Each structure stands twice: as C-alpha cells, then as structure tokens.
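As a plain string of letters, each chain reads:
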Amino acid sequence: MTLLERFFLEKESAQLVVVDVQDKLCRAMDEKVLGKLTGNISILLDAAAELGIPALATEQYVKGLGETVPSLKEKLCTPSLEKMTFSCCGGEGFLETLEKNGRRQVILTGMETHVCVLQTALELLSRGYVVHLVVDAVMSRKKHNWEIALQTMTQAGAVMTSTESVLFQLLRVAGTEEFKKLSKLVR
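- As recorded by an unreviewed UniProt entry, the protein carries the name Hydrolase and is attributed to Geomonas subterranea.

This is the structure:
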C-alpha cells in the first residue's frame, strides 16, 4: 500500500461509519463537546450524501441507550444496525455491509472512543481496512479515556484526521459545485 492509499481519502474508496451516537448515551456526555461531535458528524453525513459515499450507523443496545439522535438519524439513507457487541464488527450485518460496498477506507466517527470506536477500529485494521479516525467527531465521557484510545489507535495504524481534512480530501478541487455547496458547512 502506498502512502497516498493509506493517508489520502478517495471518494470512490471511502465509506462513513457512525458508531452509537444515541439519545441516552449522549446524556452522559459533556454538552459542549457533544455539540461539536454531532455538528461534525452532520457535516460528514452531508458530504457523504453529496459525494455518493455510503454511510452506516450502529446502535448499541437500543433498549437501554435509545436510538441514534434525531438530527443525525434523519440524514442516514439506511437504517442503523443494532448490536450488542462493543465492536461494530461483531454486530449482525456490519461487516457484510462494508464488504458489499467494496470500499477499503473507513471514515470512523462516534462514541465512546475508548470502547466501541476503539474495538471497531482495531478489528477493521486487523481485517485490512484503512481506518481514518475523525478525532473531532469521536468522544468519551472522560477526556483521559478519549486520549488513551487515540494513542492506541494511532499505534495500531489508524490515521488521525479531522472533519475539515476529510471534507477537503474528498472534494480535492475548489470551484466545483460540490465544493461550493460543502465548503459552506465549515465556514
């Protein structure tokens, strides 16, 4: 794999995964950080829709944690996949959906960074996916858990990135209609 294949997102190769941004789980999060997280994931969902990038969301133990927050759920084209395992890879239909999409780059977002996001990233990396972890679109209840998880995923080979970096890598060129529409989301 070349440096560009690993570090540079291609809209034809990428898919977006939103991990467990659910009503009751959100209540345990820092409100200010949560606002930034949902705003950034919303931007990424808008970009995915505009650029034809598949987007998939998961929900951990819906009975206890509720469904995906409405502001994000309304932007999803497919129903969220329910799971009981912490790693999304153990959830029914998750890996099959990724494989069916035929894209090897995963843009990973959601919560909690040190539990479900971490375990998902490690399993995806072990299966040969290139994982781009959107640092400003993942969170944990406690900042030190978030920081340790970021270190672990970096050591495992995930690419640390940001919402704006993802957006502009996928756009590639200024002046297009896609650029005009999506660049407004980060102004």
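1. Brief notes about empty space enclosed by the protein
Phase 1: Within the structure shown, the criterion is met by 1 cavity of 30 Å³ or more.
Phase 2: A volume near 30 Å³ is recorded for the largest cavity.
Phase 3: Forming the walls of the largest cavity are Leu16, Leu44, Ala47, Ala48, Ile53, Ile107, Val166 and Leu170.
Phase 4: Residue assignment for the lining of the largest cavity shows that the elements contributing at least two residues are α3 (31–51) and α9 (163–171).
Phase 5: If you tally residues by element for the lining of the largest cavity, the top one is α3, at 3 residues.
Phase 6: Residues of the lining of the largest cavity, tallied by class, amount to 8 nonpolar, no polar and no charged.

2. Let's talk about α9
Phase 1: Those residues of α9 that sit buried are Thr163, Val166, Leu167, Gln169, Leu170 and Leu171.
Phase 2: Backbone geometry just downstream of α9 places Arg172 in the positive-phi region, at approximately 70°.

3. So, the packing of α3 against α9
Working note: a packed helix pair is described by the angle between its axes plus the distance between those axes.
Phase 1: Closest axis-to-axis distance for the α3/α9 pair is 10 Å, and the angle between their directions is 10°. Classified by the angle between their axes, α3 and α9 sit roughly parallel to one another. Contacts between α3 and α9 involve Asn40, Ile43, Leu44, Ala47 and Leu51 on the former and, on the latter, Thr163, Val166, Leu167, Leu170 and Leu171.
Phase 2: The class makeup of the residues in the contact of α3 with α9 is 8 nonpolar, 2 polar and no charged.

4. Some thoughts on the layout of surface pockets
Phase 1: Here the largest pocket is characterised by a volume of approximately 230 Å³.
Phase 2: Going through the elements one at a time, α3, β5 (130–139) and α8 (143–156) are the ones with two or more residues in the lining of the largest pocket.
Phase 3: With 5 residues, β5 is the largest single contributor of residues to the lining of the largest pocket.
Phase 4: Grouping the amino acids of the lining of the largest pocket by side-chain chemistry returns 7 nonpolar, 2 polar and 6 charged.
Phase 5: For the second largest pocket, the lining is made up of 16 residues, of which Pro54, Ala55, Leu56, Cys77 and Thr78 are closest to its centre.

5. A few points about the side chain of Thr68
Phase 1: Looking at the element boundaries, Thr68 is found in the loop between α4 (62–65) and α5 (70–73).
Phase 2: Residue Thr68 is classed as buried on the basis of its relative accessible area, which comes to 4%.
Phase 3: A polar atom in the side chain of Thr68 sits 3.3 Å from the side chain of Ser80.
Phase 4: Discounting residues that sit within four places of it in the chain, Thr68 has contacts with Val21, Gln22, Thr58, Glu59, Lys73 and Ser80.

How each quantity is defined
Residues numbered from 1 in each chain as written. Predicted model: local features only at pLDDT ≥ 70, side-chain atom pairs only at ≥ 80, totals over all residues. Heavy atoms only, no water. 1 Å grid on protein atoms, 1.4 Å probe; cavity = no way out; pocket = protein on both sides within 12 Å on 5 of 7 lines; lining within 4 Å. Points joined across faces, edges and corners; volume = space filled by probe spheres on them. Helix = DSSP H or I, 4+ residues; strand = E, 2+ residues; numbered from the N terminus. Nonpolar A, V, L, I, M, F, W, Y, C, P; charged D, E, K, R; others polar. Buried < 20%, exposed > 50% of the residue type's maximum accessible area, 1.4 Å probe, protein only. Axes fitted to C-alpha atoms, helices over the stretch in contact; angles between N-to-C directions. Parallel < 35°, antiparallel > 145°, perpendicular 65-115°, else oblique. Contact = heavy atoms within 4.5 Å. Polar contact = N/O pair within 3.5 Å; in protein donor to acceptor, adjacent residues only side chain to side chain.

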